[in-house]
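Listed below, chain by chain, are the residues.
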Amino acid sequence: MRLVFIGPPGAGKGTQCVRLTEFLGVPHLSTGDMLRDAVQAKTKVGRLAKKYMGRGQLVPDPVIIDLIGERLGRDDCAAGYLLDGFPRTVGQAESLDEYGRGAKQPLDFALELQVDEENLVSRLLERGREDDKEKVIRRRLIAYRKQTEPVAEYYQQQDILKRIDGNTTPETVFERIKAALVR
Ligand code: B4P
């Protein structure tokens, strides 16, 4: 199964992907994790990404598209994948579609995890990662509304979007996701 998983920062995408990847038996590809690894390794991509992530902004599309394109080409993605936090812009979604058409591997579903803003802020402040400062969180939320909500609409038009209410425990959210993954 080929899935994309979007949702505002702190919605619990990473948390649910740990469960989902085991349930579906496909690799979990998180662009956030890939970028954090690159930052830690101080690669060229990492040095560039660090500036954007620290400001609560999205890393430019060409950088992310190269990163994910290379990863999707590996053998372990042949039978499917779970994309966590990608695509975050309509440009990224279009390039993923182009890749899927070329490989004759269209997406099966797009999941959008929806969580109220105040829940998001309190979850992230509690997590306390380097980019989880209130000012940066608010900027990430604005970026989500402007740049990523249109991605949900994009998949709605393709009729593959499943919206999940994530304002509850991780266990219940996971049950809701499993129930949504049927046509
Ligand atoms: P990401 O790493 O994708 O992180 P996130 O959106 O902040 O978090 P996520 O939704 O995965 O939340 P989590 O499960 O951890 O992005 C970080 C940055 O990387 C972006 O801001 C951007 O700069 C850059 N980036 C990444 N992808 C990009 C792309 N495609 N294009 C451009 N830039 C990109 O949960 C958060 C907390 O809530 C945790 O502490 C968790 O324990 C808790 N939690 C989870 N579920 C809960 C629940 N049901 N109830 C209560 N708490 C819960």
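Scroll up a little and you will see the structure.
About the criteria used
Residues numbered from 1 in each chain as written. Predicted model: local features only at pLDDT ≥ 70, side-chain atom pairs only at ≥ 80, totals over all residues. Heavy atoms only, no water. Helix = DSSP H or I, 4+ residues; strand = E, 2+ residues; numbered from the N terminus. Buried < 20%, exposed > 50% of the residue type's maximum accessible area, 1.4 Å probe, protein only. Polar contact = N/O pair within 3.5 Å; in protein donor to acceptor, adjacent residues only side chain to side chain. Axes fitted to C-alpha atoms, helices over the stretch in contact; angles between N-to-C directions. Parallel < 35°, antiparallel > 145°, perpendicular 65-115°, else oblique. Contact = heavy atoms within 4.5 Å. Nonpolar A, V, L, I, M, F, W, Y, C, P; charged D, E, K, R; others polar. Arc of directions from axis to C-beta.

Chemist: Please explain the environment of Asp 33 as it appears in this structure.
Modeler: Relative to the helices and strands, Asp 33 is located in helix α2 (residues 31-40). Judged by relative accessible area, Asp 33 falls into the partly exposed class, the value being 37%. At a separation of 2.9 Å, a polar atom in the side chain of Asp 33 contacts the side chain of Arg 36.

Chemist: Before we go on, may I ask you to explain the packing of α2 against helix α4 (residues 61-72) in this structure?
Modeler: Two measures define how a pair of helices packs: the angle their axes make with one another and the distance between the axes. Contact geometry for α2 and α4: axes closest at 11 Å, N-to-C directions at 105 degrees. Of the possible angle classes, the one that applies to α2 and α4 is roughly perpendicular. Contact with α2, carried on its side by Thr 31, Met 34 and Leu 35, involves Ile 64, Leu 67, Ile 68 and Arg 71 of α4 and no other residues of that element. Considering only residue class, the contact of α2 with α4 consists of five nonpolar, one polar and one charged.

Chemist: What is the right way to read α2 from this model?
Modeler: Side chains of residues three or four places apart in an α-helix project in the same direction, reflecting 3.6 residues per turn. Those residues of α2 that fall on the buried side of the exposure criterion are Thr 31, Gly 32, Met 34, Leu 35 and Ala 38. Along the long axis of α2, the arc covered by the buried residues comes to 165 degrees, so they all point the same way. Residues of α2 that are exposed and point more than 90 degrees away from the buried face comprise Asp 37 and Gln 40. Residues of α2 that are buried make contact with β2 (28-30), α3 (44-55), α4 and β3 (81-84). Positioned one or two residues after α2, Lys 42 has a phi angle of 55 degrees, which is positive.

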